[in-house]
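As a plain string of letters, each chain reads:
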Amino acid sequence: MMDYVFKMVVIGDSAVGKTQLLSRFSKNEFSTETRATVGVEFQTKTILIDKKLVKAQIWDTAGQERYRAITSAYYRGALGALIVYDITKYPSFEQVPRWLDELRAHADPNVVIMLAGNKCDLEGLRAVPVESGKELAEREGLLFLETSALDATNVEKAFLMVLERIYRNV
Ligand code: GDP
Ligand code: MG
């Protein structure tokens, strides 16, 4: 018996690693392929919080973010979100405020948001300082972590922090 089902969404510019973060969290898999998963709208993962079974239903885009054409249905009822940028691509960081506005306009009013600076395994190609991510997160009241879907750094932590925070809100 499932005690809770929490909807989460993953958003951010194209190619920042949204699909691979979700794949790492839900299946512990990583791929260098960029093709969008066709026909799969979300992945689920069941975790235990306080001895309660919590099912995370985590939605991934099918590439619509390239055209900024994510529909309000994608966000509807979302209690948690990962806004992802790529630490090696400054423009993906500059777009975060726009993603935040869109999310806040359509998700649950209490949506718990994690800002994730992904690809932190590529330190040598870094274009966004850790401090910039931290400052933006503090200013906007977001959780913040740098992650790597490739080597799994902070991936589980990023999703679990959001889910635990949602659990404490309900
Ligand atoms: P999406 O468009 O945001 O869903 O991005 P994808 O998940 O499809 O990833 C885009 C590309 O970045 C793919 O080639 C991935 O293998 C690569 N990628 C994703 N996450 C990471 C990461 O943490 N580190 C590195 N080095 N590459 C990554
Ligand atoms: Mg994708």
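Small disclaimer: the values here were computed from a predicted structure and weren't measured.

**With respect to the layout of surface pockets**
Here's step 1: Within this model, the largest pocket holds a volume of roughly 490 Å³.
Here's step 2: Lining the largest pocket we find 26 residues, and of these Ala 15, Gly 17, Gln 20, Glu 33 and Thr 34 sit closest to its centre.
Here's step 3: Top contributing element to the lining of the largest pocket by residue count: helix α1 (residues 18-27), with three residues.

**A short note on the site of ligand 1**
Here's step 1: Taken together, the neighbourhood of ligand 1 is formed by 20 residues, with Ala 15, Lys 18, Ser 31, Asp 121 and Ala 149 sitting nearest.
Here's step 2: At a separation of 2.9 Å, an oxygen atom of ligand 1 approaches a polar side-chain atom of Thr 19.
Here's step 3: A distance of 3.0 Å is found between an oxygen atom of ligand 1 and a side-chain nitrogen or oxygen belonging to Lys 119.
Here's step 4: Starting from 580 Å² of accessible surface for ligand 1 in isolation, the protein chains cover 89%.
Here's step 5: In this structure the site holding ligand 1 corresponds to the largest pocket.
Here's step 6: Among the elements that take part in the shell around ligand 1, α1 stands out by supplying three residues, more than any other.
Here's step 7: Taken together, the residues of the shell around ligand 1 break down into six nonpolar, nine polar and five charged.

**Focus on helix α4 (residues 96-106)**
Here's step 1: Of the positions making up α4, those classed as buried are Val 96, Trp 99, Leu 100, Glu 102 and Leu 103. Each buried residue of α4 sits inside an arc of 165 degrees when the element is viewed along its axis, so together they form one side. Exposed residues pointing more than 90 degrees away from the buried face of α4 are listed as Asp 101 and Ala 105.
Here's step 2: The inward-facing, buried residues of α4 abut β1 (4-11), α2 (72-75), β4 (80-86), α3 (90-94), β5 (112-118) and α5 (130-140).

**Section: the sheet that holds β5**
Here's step 1: Taken together, the six strands give an open sheet; going across it, the order is β2-β3-β1-β4-β5-β6, and neighbouring strands pair in mixed fashion. Looking at which strands have only one partner, the edges of the open sheet turn out to be β2 (42-49) and β6 (143-146). Within the sheet, the average angular offset between the axes of one strand and its neighbour, ignoring direction, is 25 degrees.
Here's step 2: Here β5 runs beside β6; their pairing, made up of four bridges, is parallel. Pairing of Leu 115 across the sheet is with Phe 144, part of β6.
Here's step 3: This element, α1, spans β1, β2, β3 (52-59), β4 and β5 of the sheet and lies at about 45 degrees to β2.
Here's step 4: Across the sheet, α4 lies against β1, β4 and β5, angled at about 165 degrees from β4, the strand it touches most.

About the cut-offs
Residues numbered from 1 in each chain as written. Chains lettered and ligands numbered in written order. Predicted model: local features only at pLDDT ≥ 70, side-chain atom pairs only at ≥ 80, totals over all residues. Heavy atoms only, no water. 1 Å grid on protein atoms, 1.4 Å probe; cavity = no way out; pocket = protein on both sides within 12 Å on 5 of 7 lines; lining within 4 Å. Points joined across faces, edges and corners; volume = space filled by probe spheres on them. Helix = DSSP H or I, 4+ residues; strand = E, 2+ residues; numbered from the N terminus. Near = heavy atom within 4 Å. Polar contact = N/O pair within 3.5 Å; in protein donor to acceptor, adjacent residues only side chain to side chain. Areas by Shrake-Rupley, 256 points an atom, 1.4 Å probe, with all protein chains shown as cover. Sits in = over half its atoms within 2 Å of the grid points. Nonpolar A, V, L, I, M, F, W, Y, C, P; charged D, E, K, R; others polar. Buried < 20%, exposed > 50% of the residue type's maximum accessible area, 1.4 Å probe, protein only. Arc of directions from axis to C-beta. Contact = heavy atoms within 4.5 Å. Pairing = 2+ DSSP bridges. Axes fitted to C-alpha atoms, helices over the stretch in contact; angles between N-to-C directions.

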